[in-house]
Amino acid sequence: MEEDKGGMTKAELLALFCKSKMMNYTRYFFQKQYGRSFVVGEHHVKIADALDDVLMGRITRLIINIAPRYGKTELAVKNFISAGLAINPASKFIHLSYSDDLALDNSEAVKDLVTSEAYQQIFPDVELKKGSGAKNKWYTTEGGGVYARAAGGQVTGFGAGQVDDPDLIKEGEEKEKERKEFESYVDEMFAEMGKTTFSGALIIDDPIKPDDADSETVRERVNNRFDSTIINRVNSRNTPIIIIMQRLHEKDLCGHVLENYPGEWTVLSLPCIIVEEGQELHEGRALWEFKHTLNELLKMNGVNPIIFGRQYMQDPQPKEGFLYKTFKEYIEVPPSKEKIRKSYTDTADTGKDHLCSIAYDETELGIYVVDVLYTDQPMEITEPETARQLAYNQVQYSLIESNNGGRGFARNVEAHLVNLKAFNTEVSWFHQGQNKEVRIFTNSAKVNMLIHFPIGWKERWPKFYKHVTGYLAKGKNAFDDGPDTLTGMAENFGENLQEVDDSIFDLFN
């Protein structure tokens, strides 16, 4: 073969070029496969960059959320797997999708690419093992390969990635030190190559189909399969897991892993309309005009905003809709001649309930939340915490609602207040006999009208924020303690309101 600078053949330089960046690889092999150029959008570049980070070991848990037919499978499944095998022929991949047929088709496409003449010309070391004719499971002669199945099915007998081997990592670092310097472009690519110990990945592409998104049974089957089986099919804690999907439901697999494995995932969310802060949807711009213009996207939104929000904006909203509209927010409580610092506390009636205690300023203009205590801790913790909340916020009137031990809770809170030398809080307890769900629903408009939260309340009280703003107008709600407390505050609006002298305004601001 003809040699180039640095003693490398053109084929070797081309191989290095393709392995250095996922976008290089994608553009080259797209041209070879389809005979036309790959139309690159900004989302393709972002996806390719994220996949480069996976190959380099900088990301081990990646979520990519993007609309259908925007090239995600071409990039993140077909090209990523074949590129991974080019980097390390011993790499092992598990590929899952919502159906066996789709997963098998993707697996076959990878195998076709790996065995193509264009691929073999520059990556001859990637050779399929004899007898690897099956779509669902095939191997390389180096021990790598691909196993493809449906996400909701059984995944057994095959692991993604390689078992950790410190010696291999050390060897890779030593080889990096020994590399010769070539021209700057080649040297840069070598440096990137030397940083990786990539050995495979678990790739989940569209684990649930859109028609099944609102089926709790189907969602739970996929989510439970991830917890019980899929996540355990990696051979090392360093083996990457990639989930690629359009958002379909707030409790789809992406929602599930973000809630149950917090802090582990890097999320690349790519809505089809890019909206800057303060802009309306129609003021945004299309992510990829080659596929959809802004006007086309807006028409799709007009036809079905729920589906558009989920699949095209990556903002899953429940089909039933949320009970509350966007809450009002404030920077400072407005001056008022009639103001009282109050609190409303809903104690935990059962084991799964949360204690919710909210301190707030009530004026003739509305209710202004100043502090939230929201916890599932036992009463021996919540009783003194509630007392500290009342004392710290100088609450004048505290109302405690409970159907189970509320009077005892209130008395214990009063005792803690005495220890804290907070003598100005009047504590009352009462039994709530009305239906909770009916009260929450019928008072929702009043809650939205009266109650104001401080700017930044999502960050200050994240669990409370999630449970309140995620409360459904219809259907089953797992957590109702926050909405119940807000309802009680709205129901008692105007009670105990008294004139206060200007001289003591500072106590409440």
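Residues numbered from 1 in each chain as written. Predicted model: local features only at pLDDT ≥ 70, side-chain atom pairs only at ≥ 80, totals over all residues. Heavy atoms only, no water.

1. As for the overall build of the protein chain
Just so we agree on the cut-off: Only DSSP runs of H or I covering at least 4 residues are called helices, and only runs of E covering at least 2 are called strands; the numbering of each starts at the N terminus. Throughout this description, buried means an accessible area under 20% of the type-specific maximum (1.4 Å probe, protein chains only), exposed means over 50%, and partly exposed covers the range between. Should any heavy atoms of two residues lie within 4.5 Å, those residues are counted as being in contact. Areas reported as accessible are Shrake-Rupley estimates using a 1.4 Å probe. Residue values count occlusion only from the protein chains shown.
Assigned secondary structure in the protein chain consists of 19 helices and 16 strands. Across the 509 residues that make up the protein chain, the buried fraction comes to 50%. Sequence separation of at least 24 residues holds for 72% of the intrachain contacts in the protein chain that already meet a minimum separation of 6. Roughly 25,000 Å² of accessible area belongs to the protein chain as shown, and the carbon and sulfur atoms make up 48% of that amount.

2. A closer look at the environment of V468
Here V468 is to be found in helix α18 (residues 462-469). The class of V468 is buried, set by a relative accessible area of 0%. If sequence neighbours within four positions are ignored, V468 has contacts with Y324, F327, G482, P483 and L486.

3. Re the pattern of salt bridges
The cut-off we apply is this: By definition, a salt bridge exists where a carboxyl oxygen of Asp or Glu is found within 4 Å of a side-chain nitrogen of Lys or Arg.
This model, assessed by the stated rule, comprises 17 salt bridges. R149 serves as the salt-bridge partner of D100, at 3.4 Å between the closest nitrogen and oxygen. Here R149 lies in strand β4 (residues 145-150) and D100 lies in helix α5 (residues 100-114), a separation of 49 residues in the sequence. R247 is paired through a salt bridge with D252; the nearest N and O atoms lie 2.9 Å apart. As far as burial versus exposure is concerned, R247 and D252 are alike and both buried. Salt bridges here are not isolated pairs; linked through shared partners, they connect E42, K46 and R285.

4. Focus: the nonpolar core
What counts, and what does not: To define a nonpolar core, start from buried Ala, Val, Leu, Ile, Met, Phe, Trp, Tyr and Cys residues and group those joined through side-chain atoms within 4.5 Å.
Judged by nonpolar contacts, the single largest core of 59 residues is most densely connected at F29, L51, F80, F93, Y119, F123 and I203. At nine residues, helix α4 (residues 72-87) tops the list of elements feeding residues into this core. If we ignore the near neighbours within four places in the chain, the residues touching F123 are A15, C18, K19, Y25, F29 and A86.

5. As for the layout of surface pockets
The cut-off we apply is this: Grid spacing is 1 Å over the protein atoms alone, the probe is 1.4 Å, and a cavity is where that probe fits but cannot get out, while a pocket is an open set with protein on both sides within 12 Å along at least five of seven lines and lining residues have an atom within 4 Å of a point. Grid points are joined across faces, edges and corners, and a volume is the space filled by probe spheres set on the points. For this classification, Asp, Glu, Lys and Arg are treated as charged, while Ala, Val, Leu, Ile, Met, Phe, Trp, Tyr, Cys and Pro are nonpolar and the rest, including Gly, are polar.
The calculated volume of the largest pocket comes to roughly 2,000 Å³. Lining the largest pocket are 46 residues, with E250, K251, F322, K466 and G470 sitting closest to its centre. If you list the elements that add at least two residues to the lining of the largest pocket, you get α9 (216-228), α10 (253-260), α17 (457-460) and α18. Here the lining of the largest pocket is built from residues that sort into 13 nonpolar, 15 polar and 18 charged.

6. Some details on the pairing of β4
Selection criterion: Here the rule is simple: two strands pair whenever DSSP picks up at least two bridges between them.
Summarising burial for β4: five of the six residues are buried, a large majority. The pairing of strand β2 (residues 92-97) with β4 spans six bridges and is parallel. Counterpart to K92 in the pairing with β4 is G145.

7. Looking at the sheet that holds strand β11 (residues 339-346)
Note the threshold: Only the stretch in contact is used when a helix axis is fitted, and all axes are lines through C-alpha atoms; the angle between N-to-C directions ranges over 0 to 180 degrees.
Ordered by their spatial adjacency, seven strands build an open sheet running β10-β16-β13-β12-β11-β14-β15, and the pairing between neighbours is mixed. A strand with exactly one partner marks an edge of an open sheet, and here the two such strands are β10 (328-330) and β15 (426-430). The sheet shows a mean angle of 30° between the axes of neighbouring strands, taken without regard to direction.

8. Here we look at helix α13 (residues 379-392)
What counts here: In this analysis, the expected span of each helix is defined as 1.5 Å times one less than the number of residues it contains.
Relative to the 20 Å expected for 14 residues at 1.5 Å per residue, α13 spans 19 Å between its end C-alpha atoms, a close match to the ideal helical length. Among the residues of α13, those classed as buried are T382, E383, P384, T386, A387, Q389 and L390. At the C-terminal side of α13, Q394 shows a positive phi close to 50°.

9. What about empty space enclosed by the protein?
The full count for this structure, using the stated rule, is one cavity of 30 Å³ or more. Approximately 30 Å³ is the volume attributed to the largest cavity. Every residue lining the largest cavity is listed: K342, S343, Y344, Y360, Y397, L399 and N492. Those elements that provide at least two residues to the lining of the largest cavity are β11 and β14 (397-401).

10. Looking at the confidence of the model for the protein chain
Keep this limit in mind: Scored between 0 and 100, pLDDT is the confidence that the predictor attaches to each residue.
On average, the protein chain scores 85 in pLDDT, and the residues at 70 or more come to 85%. Note that residues 163-196 has pLDDT below 50 and, in this model, 36 contacts with residues that lie over four places away or in other chains. Of the regions scoring below 50 in pLDDT, residues 498-509 engages in 22 contacts with residues more than four places distant in sequence or in other chains.

11. Quick notes on the environment of I59
Note on placement: I59 falls in the loop between α3 (42-55) and β1 (61-66). With 207 residues separating them in the primary sequence, I59 and T266 have C-alpha atoms 7.3 Å apart. Contacts of I59, omitting those with residues within four sequence positions, involve A50, D53, V54, P240 and T266.

12. Some thoughts on the packing of α9 against α10
Each pair of packed helices gets described by two things: the angle between the helix axes and the distance between those axes. Heads up, the condition is: Reported orientations rely on four angle classes, namely roughly parallel under 35 degrees, roughly antiparallel over 145, roughly perpendicular from 65 to 115, and oblique for the rest. Note: crossing handedness is left-handed where the near helix turns anticlockwise from the far helix by less than a right angle, and right-handed where it turns clockwise.
Running from amino to carboxyl end, α9 crosses α10 at an angle of 45°, the nearest separation of the two axes being 9 Å. In terms of orientation, α9 lies oblique with respect to α10. α10 is crossed by α9, and the crossing has right-handed handedness. Contacts between α9 and α10 involve N223, F226 and D227 from the first element and L253, H256 and V257 from the second. Classifying every residue of the contact of α9 with α10 gives three nonpolar, two polar and one charged.

13. Some remarks on the sheet that holds strand β5 (residues 200-205)
As summarised here, the arrangement of the seven strands in space is β3-β4-β2-β5-β6-β1-β7, forming an open sheet in which the pairing is mixed. For this open sheet the edge positions go to β3 (137-139) and β7 (266-270), each flanked by a neighbour on one side alone. Strand after strand, the sheet turns through a mean of 10° between neighbouring axes, direction not considered. Along the sheet, α5 makes contact with β2, β3, β4 and β5, crossing β4 at roughly 160°.

14. Some points on the packing of helix α2 (residues 22-34) against α4
At a minimum axis distance of 10 Å, the contact between α2 and α4 shows a crossing angle of 95°. Relative to α4, α2 is oriented roughly perpendicular. Residues M22, Y25, T26, F30, Q33 and Y34 of α2 touch α4, and the partners they reach there are E74, L75, N79, F80, S82 and A83. The class makeup of the residues in the contact of α2 with α4 is seven nonpolar, four polar and one charged.

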